[in-house]
2 protein chains.
Amino acid sequence: MTEKQEKILQAALILFAKEGFHATSTSKVAKLAGVSEGLIFRHFGNKDGLLQAILEFGAEKLKDLVVDIVMEPDPKELIKKTIQMPVNVDKEDFDFWKLQFKLKWELEVNSDKKMEPLHMALANAFRKLEYESPELEASLILLYIEGISSSMLKGSNLNVNDMIQLLMKKYEL
Amino acid sequence: MTEKQEKILQAALILFAKEGFHATSTSKVAKLAGVSEGLIFRHFGNKDGLLQAILEFGAEKLKDLVVDIVMEPDPKELIKKTIQMPVNVDKEDFDFWKLQFKLKWELEVNSDKKMEPLHMALANAFRKLEYESPELEASLILLYIEGISSSMLKGSNLNVNDMIQLLMKKYEL
DNA sequence: AAATTGCAAGTAAGTACTCACACATGATTT
DNA sequence: AAATCATGTGTGAGTACTTACTTGCAATTT
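No experiment lies behind these values; they were computed from the predicted model shown.

Conventions we followed
Residues numbered from 1 in each chain as written. Chains lettered and ligands numbered in written order. Predicted model: local features only at pLDDT ≥ 70, side-chain atom pairs only at ≥ 80, totals over all residues. Heavy atoms only, no water. Helix = DSSP H or I, 4+ residues; strand = E, 2+ residues; numbered from the N terminus. Polar contact = N/O pair within 3.5 Å; in protein donor to acceptor, adjacent residues only side chain to side chain. Contact = heavy atoms within 4.5 Å. Near = heavy atom within 4 Å. Core = buried A, V, L, I, M, F, W, Y, C linked by side-chain atoms within 4.5 Å. Buried < 20%, exposed > 50% of the residue type's maximum accessible area, 1.4 Å probe, protein only. Nonpolar A, V, L, I, M, F, W, Y, C, P; charged D, E, K, R; others polar. Salt bridge = Lys/Arg side-chain N within 4 Å of Asp/Glu carboxyl O. Domains from an automatic or database assignment. Buried area = accessible area lost by both parts, 1.4 Å probe.

## Let's talk about the side chain of Ser150(B)
Relative to the helices and strands, Ser150(B) resides in helix H8 (residues 134-153). A polar contact of 3.3 Å, which involves the side chain of Ser150(B), links it to the backbone oxygen of Gly147(B). Each residue touching Ser150(B), except ones within four places of it in the same chain, is listed here: Trp105(A), Glu146(A) and Phe101(B).

Structure, rendered in structure tokens:
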């Protein structure tokens, strides 16, 4: 991967995350990246290819987060790690996560499948703790994760740390 | 409001909700509405004015839903009504709600202010029930219903009714 | 007759994308 | 060692088309 290719990906991520995919023209990406517009198409084929490259590149980040949680053997610790997940993302990855949420609505891109291992691990944890409906409890936690993440990314004034405290108490962690 | 104005609003709502605001051209709206493209600008000024008209028209729907809940005197009943809110929306209003969620990410339009009365009512309800952190509990409930609503609108396979059952049990309703 | 509603045909600017060409690097042939 | 070739990187002007929006004029309503 050349220097200019990285520049293009970086610029596209910033703009797609801020303005959205459709609202960002390839000429804007080229200008911010400091390259000719044609180079984008040379390297990535078309605008959609550019998006795919960003997504593949970033899919690893999600995997890393999830794997660390799924591997946890102690069920209570696993649930705790899950709840704390939103505050453990790097600030420099914010653009990528924002893009992820934006695309979910703009292009109906589902990232739910990638969360499936986490869902299973959570269900197992709740099962070990003898909760009545482990599957549902797992879904509920994921619902909360998504909600917290989205309000963090939108810059809401919700106090995330207090919310985490509350949840930890609810699940006796 | 003339017949053609309504046709335009209806067509725009459908397309904005399905494809998104930026991905929908005024010519597509005109075609679906069966009018000339110029008419859109005669009536609504510009594309943004068209969006505003839709949003104002639909803001009433949100108000109606919220008012019904806020007026409830019994705290347990109020919380119950809130949790059940997502399944009580008319199916014919789906496009409007989908648009609402889409815009939250595409144009960073915040509908949080309109939820504020509901948040206060919820906090009050939890206070009456002598919960430890009524404000946080209210935020958490809103997080849940936002998550449930969004997965309903995206056609996720989450079992909404079971989830509502679980929540009701958790809050002893 | 005055105002409103509506249309068809514009406009300038922007869109994703292409293409001919230049330049560099390294391998292969003379 | 010099010349040829192949290949990947990069440019910038150009393509056909779409975009939001305008304008002049006719039909309808008030």
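Picking up after the structure, the text goes on.
## Observations concerning the protein's contact with DNA strand D
Around DNA strand D sit 17 residues, and of these Lys4(A), Ser36(A), Arg42(A), Thr26(B) and Lys47(B) come closest. When atoms of DNA strand D within 4 Å of the protein are split into backbone and base, the sugar-phosphate part holds 53%. Contact between DNA strand D and Arg42(A): a base oxygen at 2.6 Å from a side-chain N or O atom of the residue. The biggest single contributor to the surface near DNA strand D is helix H3 (residues 37-44) of chain A, with four residues.

## Some points on the nonpolar core
Among the nonpolar cores identified, the biggest contains 73 residues, and Leu122(A), Tyr144(A), Leu122(B), Leu140(B) and Tyr144(B) are the most heavily contacted of them. For Tyr144(A), the residues in contact, after removing those within four places along its chain, are Ile83(A), Met163(A), Ile164(A), Leu167(A), Leu140(B), Leu143(B) and Tyr144(B).

## As for the protein's contact with DNA strand C
Near DNA strand C there are 16 residues, and of these Thr26(A), Lys47(A), Lys4(B), Arg42(B) and His43(B) occur at the shortest range. Here a phosphate oxygen of DNA strand C sits 2.8 Å away from a polar atom, N or O, in the main chain of Lys47(A). With respect to DNA strand C, the side chain of His43(B) contributes an N or O atom lying 3.0 Å from a phosphate oxygen. Where the surface near DNA strand C is concerned, the elements lending two or more residues are helix H2 (26-33) and H3 of chain A together with helix H3 (37-44) of chain B. Looking at side-chain class alone, the surface near DNA strand C contains three nonpolar, nine polar and four charged residues.

## A look at the pattern of salt bridges
Two side chains of opposite charge can pair, provided their charged atoms sit close to one another. All chains considered together, the criterion is met by 20 salt bridges over all chains. As a salt-bridge pair, Lys104(A) and Glu146(A) come within 3.5 Å of each other at their nearest N and O atoms. Of this pair, Lys104(A) sits in helix H6 (residues 94-106) while Glu146(A) sits in helix H8 (residues 134-153); the two residues are 42 residues apart in sequence, bridging distant segments of the chain. Residue Lys104(A) is classed as buried on the basis of its relative accessible area of 5%. Taking the shortest distance from any N to any O, the salt bridge between Lys154(B) and Glu146(A) comes out at 3.5 Å. Of the two residues, Lys154(B) sits in the loop between H8 and helix H9 (160-170) while Glu146(A) sits in helix H8, which places them in two different chains. A residue is classified by how much of its surface remains accessible, and Lys154(B), at 18% relative accessible area, is buried.

## Some points on the domain arrangement of chain A
All names here are of chain A. Examined at the domain level, chain A breaks down into domain 1 (1-45) and domain 2 (58-170). The C-alpha-based centres of domain 1 and domain 2 are spaced at 30 Å. Domain 1 puts nine residues into the contact, and the matching count from domain 2 is eight residues. Summing both partners gives a buried area of about 660 Å² for domain 1 against domain 2, and 66% of it is carried by carbon and sulfur. Looking only at domain 1, the three residues that lose the most surface to domain 2 are Leu 13, Ala 17 and Phe 21, adding up to 61% of its buried area. Across the domain 1-domain 2 interface, the total number found is zero salt bridges. Taken together, domain 1 and domain 2 are joined by four residue pairs in polar contact (both at pLDDT 80 or more).

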